[in-house]
Amino acid sequence: AAMHYAHYGCLIRNKWIQVVYCFYELNLLNKLLDIRKKYPSFKIVMRMAGNHWYEQCKKNNSLIEGYERAFNAVDSINFLFKGMVDEFKEKLRELDMTVKTKHEFVGDIGSAVEIGRPIPYLQDPDQFEMIMAARFSHYQKRQDILVQAMSFIPDEIPIRLHLIGEGTQKETVSQLVETMNLKGRVVIEPFCEQSELWQRLLKAQLLCHACDYEGVSKIIIESQSIGLPVLASDV
């Protein structure tokens, strides 16, 4: 940790970095705030794109003070969409946290994918391909909902779901697929590079994104950019 601290500090100083853009992970925020005490020449912009910080505080009240300090100390908060501003403030009230943001703005970081389809959108009557590309996390992402939904679709309907990614819940979801006798209809695949994933999306018929919150993920933006229909959780 000490080596990382020194490395980040030297990088910020030597490269004359003026803005550091980060997520709300508390360990990273604390590290940046400590570095700024020594090198106060940069601003910290924090991306707020989910409720994991809130879930963590609910599980461990000792984290509330640290998040409160960090949220007050950052120079600006980037909310993913307008509704998240009110949601964030509601969560603060629920946790009895006092946060006065110095600056805030709404906007997504967008996508590097080229807009438009290089190939037509095709529907194969012999196979309907769906993809969910997301980490198998113990919070937020809900591949299990899609697997359960697939169990209700009659076998004679030619449909297949590809779950692409890595994470702590991958084995649990794999066991659910096996328990529900969905092997072959639900295919679990490892993480793939972004360019490869875009090619997979071009050949699919539907992008699925099941989650408990953060319903406008980057993969949704990328899919819409290339004209792939999206099935998303209403969150």
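Residues numbered from 1 in each chain as written. Predicted model: local features only at pLDDT ≥ 70, side-chain atom pairs only at ≥ 80, totals over all residues. Heavy atoms only, no water.

Draft legend 1. Summary view of unusual backbone geometry. Of note in the backbone geometry, Trp16 takes a positive phi value of approximately 50° without being a glycine. Within the secondary structure layout, Trp16 lies in the loop between helix 1 (2-14) and strand 1 (19-22). With phi around 55°, Asn181 is a residue other than glycine that occupies positive phi space. Among the structural elements, Asn181 can be located in the loop between helix 7 (170-179) and strand 7 (186-189). (Helix = DSSP H or I, 4+ residues; strand = E, 2+ residues; numbered from the N terminus.)

Draft legend 2. Spotlight on the pairing of strand 5 (residues 128-133). The buried fraction of strand 5 amounts to 5 of the 6 residues, a majority that puts the element mostly inside the structure. Across 6 bridges, the pairing between strand 5 and strand 6 (residues 159-164) is parallel. Within the sheet, the bridge partner assigned to Met130 lies in strand 6 and is Leu161. Following the chain from strand 5 across helix 6 (residues 143-150) to the adjacent parallel strand 6, one finds a crossover that is right-handed. Where strand 5 lies against strand 8 (residues 206-209), 2 bridges are found, and the strand directions are parallel. For Met130, the partnering residue across the bridge sits in strand 8 and is Leu206. (Buried < 20%, exposed > 50% of the residue type's maximum accessible area, 1.4 Å probe, protein only. Pairing = 2+ DSSP bridges. Right-handed = clockwise from strand over helix to strand, strands pointing away.)

Draft legend 3. The arrangement of the layout of surface pockets in detail. One number sums up the size of the largest pocket: a volume of about 930 Å³. Together, 34 residues line the largest pocket, and Arg135, Lys141, Glu214, Ser217 and Lys218 are the ones closest to its centre. Counting residues per element, the lining of the largest pocket draws most heavily on helix 9 (residues 218-225), at 3 residues. The class makeup of the residues in the lining of the largest pocket is 16 nonpolar, 8 polar and 10 charged. (1 Å grid on protein atoms, 1.4 Å probe; cavity = no way out; pocket = protein on both sides within 12 Å on 5 of 7 lines; lining within 4 Å. Points joined across faces, edges and corners; volume = space filled by probe spheres on them. Nonpolar A, V, L, I, M, F, W, Y, C, P; charged D, E, K, R; others polar.)

Draft legend 4. Structural context of the side chain of Asp75. Looking at the secondary structure, you find Asp75 in the loop between helix 4 (64-73) and strand 3 (76-79). A distance of 2.3 Å separates the side chain of Asp75 from the side chain of Arg36, its partner in a polar contact. Of the polar contacts made by the side chain of Asp75, one reaches the backbone nitrogen of Ile44; its length is 2.7 Å. (Polar contact = N/O pair within 3.5 Å; in protein donor to acceptor, adjacent residues only side chain to side chain.)

Draft legend 5. Focus on the environment of Val187. Here Val187 shows up in strand 7. Counting along the chain gives 36 residues from Val187 to Ser223, while the straight-line C-alpha distance between them is 20 Å. The contacts of Val187, once residues within four sequence positions are left out, are Arg160, Leu161, His162 and Leu163. (Contact = heavy atoms within 4.5 Å.)

Draft legend 6. Local environment of helix 7. The complete set of buried residues in helix 7 reads Lys170, Val173 and Val177. End-on, the buried residues of helix 7 take up no more than an arc of 65°, which puts them together on one face. Turned more than 90 degrees off the buried face of helix 7, the exposed positions are Glu171 and Thr179. Its buried side turned inward, helix 7 meets helix 6, strand 6 and strand 7. Phi for Asn181, located one or two positions after helix 7, is positive at around 55°. (Arc of directions from axis to C-beta.)

Draft legend 7. How the structure looks around the nonpolar core. Met46, Met48, Trp53, Phe71, Phe88 and Met97 are the most contacted members of the largest nonpolar core, which totals 34 residues. Secondary structure elements with two or more residues in this core: strand 1, helix 2 (26-38), strand 2 (43-48), helix 3 (52-59), helix 4, strand 3 and helix 5 (82-94). Aside from chain neighbours lying at most four places away, what touches Phe71 is Tyr24, Met46, Met48, Trp53, Ile77, Phe88, Leu92, Met97 and Val99. Core analysis: the second largest hydrophobic core is formed by 17 residues, Leu146, Met150, Leu182 and Ala210 among them. (Core = buried A, V, L, I, M, F, W, Y, C linked by side-chain atoms within 4.5 Å.)

Draft legend 8. Quick peek at the pairing of strand 1. Residues Val20 and Cys22 line the buried face of strand 1, whereas the alternating positions Val19 and Tyr21 sit on a face that is not buried. Crossover handedness for the path strand 1 to helix 2 to strand 2: right-handed.

Draft legend 9. Spatial organisation of the sheet that holds strand 6. Reading across from one edge, 7-6-5-8-9 is the order of the 5 strands in this open sheet, with parallel pairing throughout. Here the strands that pair on one side only, and so sit at the sheet edges, are strand 7 and strand 9 (230-232). The mean inter-strand angle of the sheet, taken between neighbouring strand axes irrespective of direction, is 25°. Lying over the sheet, helix 7 contacts strand 6 and strand 7, oriented at roughly 160° with respect to strand 7. (Axes fitted to C-alpha atoms, helices over the stretch in contact; angles between N-to-C directions.)

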